[in-house]
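# Reading the structure
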Amino acid sequence: MKSKNINKSEISFVVIFSIITLSITFIPIIFGYIQQTDDLKFMGTISAMDSNTYFDYMNQAREGKFIFINSYTSETMKPFLIRPLFWIMGLFTFFLPSIFVWHLFRILLGFCFLFVSYLFISKIITDLFTRKIAFLFLCSSSGFGWLIRVIYILTGKFFISGSVDSNPEANSFVALNAPPHVVASMFLIVLTYYLFLKAIQSNSTKDYILAGLSLMFLGFIHSFDIITIIFITFIFLVYYFFRFKKIVFKSLIFYFFGIIPFIYYSFLLFFNPIFSQWNKQNVIESPNPWGYIMGYGLLLLFALIYFFKWYSFEKILKADLYLVLVLFWFFINPLFFYTPFKIEARFVEGFHIPVVILAAIGFTMLYSKINIKKIKIPILVIVLILLSLSNIFWIDRKIKEVDFTYNPTTKFRNSAFLSYDKLELLDKLNDLPKGIVLSKYHLGNYIPRITGNKVFIGHWAQTINIDAKKQLYDQFIHMNFESQKEFIEEHKIKYFIFEKDEVELIDIDERLYEQLFEKNGMKLLQVKS
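Quick caveat: nothing in here was measured; it's all calculated off a predicted structure. (Residues numbered from 1 in each chain as written. Predicted model: local features only at pLDDT ≥ 70, side-chain atom pairs only at ≥ 80, totals over all residues. Heavy atoms only, no water.)

### Here's the deal with the pattern of salt bridges
A side chain of one charge can pair with a side chain of the opposite charge when the charged atoms of the two come close. Under the counting rule described, the total for this entry stands at 11 salt bridges. Of the charged contacts, one joins D501 and K440 as a salt bridge, the two residues approaching to 2.9 Å between their closest N and O atoms. Here D501 is found in helix α24 (residues 500–503), whereas its partner K440 is found in the loop between β5 (436–438) and α20 (441–444), with 61 residues between them in sequence. Residues participating in the shared-partner salt-bridge network are R397, K398 and E401. (Salt bridge = Lys/Arg side-chain N within 4 Å of Asp/Glu carboxyl O. Helix = DSSP H or I, 4+ residues; strand = E, 2+ residues; numbered from the N terminus.)

### Regarding the sheet that holds strand β6 (residues 493–498)
Strand order in the open sheet made by the four strands is β5-β6-β8-β7, with mixed pairing throughout. Because the sheet does not close on itself, it has two edges, and the strands there are β5 and β7 (513–519). Pairwise comparison of adjacent strand axes, ignoring direction, gives a mean angle of 20 degrees for this sheet. By the bridge criterion, three bridges tie β5 to β6 in an arrangement that is parallel. Bridged to V437 within β6 is Y495. Running at roughly 120 degrees to β6, helix α23 (residues 481–491) makes contact with β5, β6, β7 and β8 (522–527) of the sheet. (Pairing = 2+ DSSP bridges. Axes fitted to C-alpha atoms, helices over the stretch in contact; angles between N-to-C directions. Contact = heavy atoms within 4.5 Å.)

### Regarding the side chain of N70
On the secondary structure map, N70 appears in the loop between β2 (67–68) and β3 (81–82). Here Y72 takes part through its backbone nitrogen, which lies 3.0 Å from a polar atom of the side chain of N70. At a separation of 2.7 Å, a polar atom in the side chain of N70 contacts the main-chain carbonyl oxygen of Q462. Setting aside residues up to four positions removed in sequence, N70 forms contacts with M77, F80, L81, I274, W278, K454 and Q462. (Polar contact = N/O pair within 3.5 Å; in protein donor to acceptor, adjacent residues only side chain to side chain.)

### Examining the packing of aromatic side chains
Inspection of every chain in the model, using the stated rule, returns 58 aromatic pairs. For the pair Y239 and F328, a centre-to-centre distance of 5.6 Å together with 80 degrees between the ring planes defines the contact as edge-to-face. Of the two residues, Y239 is situated in helix α11 (residues 224–244) and F328 in helix α16 (residues 321–332); the sequence distance between them amounts to 89 residues. The same class applies to Y239 and to F328, which are both buried. Taken together, a centroid distance of 5.2 Å and an interplanar angle of 15 degrees make the contact between F476 and F496 stacked. Linking F476 in helix α22 (residues 466–476) with F496 in strand β6, this pair joins segments that are 20 residues apart in sequence. Of the aromatic side chains, those joined through ring pairs into one cluster are Y292, Y296, F307, F308, F330, F331, F337, Y338 and F351. A cation over a ring is seen here: R449 above F55, with NZ or CZ 3.9 Å from the ring centre. (Phe/Tyr/Trp six-rings, centres within 6.5 Å; stacked < 30°, edge-to-face > 60°. Buried < 20%, exposed > 50% of the residue type's maximum accessible area, 1.4 Å probe, protein only. Lys NZ or Arg CZ within 6 Å of the ring centre and 35° of its normal.)

Spelled out as structure tokens, the structure:
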């Protein structure tokens, strides 16, 4: 059956497989709660280091702020961050627990992403079987990262590092497991392209405004997505001009709204020293090209087979506009994977979508040539399993990371658990006037989320001059009275949290500190005024 409309059975198909896919994302979360002990509490997320910063934004929204500060660095600053999604989520925390709001938005946005993606797919693929394959690929597919992992298990060596199929920007399934703003970005990317094409076809000012608003909201979540979308849509409009001899002047409405967050963040980059230094530290480089090739694996092969075997320049000039846009998306987006931008690896966000669409068409074209009916279903099942293996390995890895014995030592990871002793201490801190807190790095990552206080060190990118500050913290433990006093005044520290191993090393002088809490060797101190 061929149609660009969606029937009721398709809606049921999308709903059922969306529920299945989103339910699977709770496996590591459920495992984390099962792993709780009498001493340790699971904090509800599988990516604590970055997730804690987003909970802090939600807390600031609950305090009545719309523009946020960076709580993970001690420098004095005025509010400068606009994060509308976390502002909305923060409003929900007035009557719901923040961790419930977190997963509620993750699931709701996941449904939105999957449904709008199917709607977008239906405009490109008219064959019912093929569009369902495309949706299954979207929900479950990945690349050859599993093969790299198996070889590592067998040999102890990675023959290729950096396969992107474990990255939320590169893999839709992993994005559904990520913090809510990641899947929100994926949803808005698809929605923006869908509304843009709808506006092109209707030439309606209203449709251009809606597409522009979608792009603008996306820009306040991930501003780098604006760059790729503007470039791809501009190339598409050039194509449109040569094909139809029309200049789409109303598209300026779309670009007007989209450029707003880009201008805003560009202003911060040049005139806000906190944001500028944060951006310098936020380096996320792309892996070598093999990382992308292995990261999409069979999907990339199916997509390229479809294009090179069945497509020609003449066909592109006559193709459906939705398909043309997907082709531009597929071939242009990779140009941004190796740019001078420090976050070049993040330009892959959403690229999984055009890959799975073209891969589904390529696969079903090959699949239709199989004449032996007995082997058709087994082949389909085998392909779906092969495509999902990396995601199965990813789930297994995340289950291990939410084991209470997992104790990360790098600055990019944090434990998903906190001891009840630390939570009791932070609860005490929560009742005190706000101030800058000095603690160990990994505990500092949780402090803004739980207490709303700023910290001296707590995040690999958001703590300004993180490496120098970690060295200062290590030195502070061994400082004498005068040096400690000078350090406190320079960095405006109000509270100290020392764990048992530090209490044994530091000279806690009563002339400087007042003890507010002590338990099992861990102490909360306040600087005397």
